[in-house]
Every structure is written in C-alpha cells, then in structure tokens.
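Given next are the chains, with one letter for each unit.
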Amino acid sequence: MTTAATETFSTAPSLRPGMAQTTLTVDGMACDGCEETVEDAVGALDGVDAVTADNTTDTVEIEGDVDTDAVAAAIEDAGYTVA
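Residues numbered from 1 in each chain as written. Predicted model: local features only at pLDDT ≥ 70, side-chain atom pairs only at ≥ 80, totals over all residues. Heavy atoms only, no water.

Asker: Could you give me a rundown of the confidence of the model for the protein chain, with the residues and numbers involved?
Answerer: Averaged over all residues, the pLDDT of the protein chain equals 85, while 78% of them reach at least 70. For the protein chain, the element scoring lowest by mean pLDDT is strand β1 (residues 5-9), at 40; helix α1 (residues 32-43) scores highest, at 98. Considering only residues more than four positions removed or in separate chains, one finds that residues 1-14, a stretch of pLDDT under 50, has 35 contacts. (pLDDT = per-residue confidence, 0-100. Helix = DSSP H or I, 4+ residues; strand = E, 2+ residues; numbered from the N terminus. Contact = heavy atoms within 4.5 Å.)

Asker: Go over the pairing of strand β3 (residues 48-54), please, and point to the residues and values.
Answerer: Summarising the sheet, β3 and strand β4 (residues 59-64) pair through six bridges and their orientation is antiparallel. Across the sheet, the residue bridging to A50 is E63, located in β4. Where β3 folds back on β4, the antiparallel hairpin that results is connected by four residues, among which D58 adopts a positive phi of roughly 55°. (Pairing = 2+ DSSP bridges.)

Asker: Help me get a handle on the side chain of T59, residues and values and all.
Answerer: With respect to the element layout, T59 can be found in strand β4. On the basis of relative accessible area, T59 is assigned to the buried category, the value being 18%. Discounting residues that sit within four places of it in the chain, T59 has contacts with T23, L24, M29, T52, A53 and D54. (Buried < 20%, exposed > 50% of the residue type's maximum accessible area, 1.4 Å probe, protein only.)

Asker: Pulling in residues and values, what's your account of unusual backbone geometry?
Answerer: Positive phi is not limited to glycine here, since D58 has a value of about 55°. Tracing the sequence through the fold places D58 in the loop between β3 and β4. Residue D58 is classed as partly exposed on the basis of its relative accessible area, which comes to 28%.

Structure (structure tokens):
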C-alpha cells in the first residue's frame, strides 16, 4: 500500500516538544462524525499519543511513534481512503 504521508519532527505549539508527527490526507470525511470515526480508529493503534482529524482540510495528524501503513489500514478499515 502506498500512502501520501508526511512525517515531520516538530515542536509546534500544538505538539509536545520532541514528539514525532505524521500527517495523512484522507478522502471521504464529510462531517464531525467522520472525524470522530477516524480518530477512534487511529487512536486505538499502538504508539499513537494523539490524533486529530479535520474534514475541512482532509487531513489526519498523528502524534507518536506510528507505523504509517498500520494507520492507513485502520483508516481504510473505517471506510475512508488514504490519498
């Protein structure tokens, strides 16, 4: 599976210093309920410290030491497409 993932190291105000951040583009989120579904699916994975889905930007931001392929699979199992 190929995912359009960007992994960055950031100390932005929304992140804890030293925490790795992964951002994925996700197609199919249209509402707050969709965001919650994606957040629940990704948040259940090992290594995820925080997750925020945003249907207005079609992105999911994950903090923690994560396997990008496992994150993509969890999102797709929840019914969405990782672009």
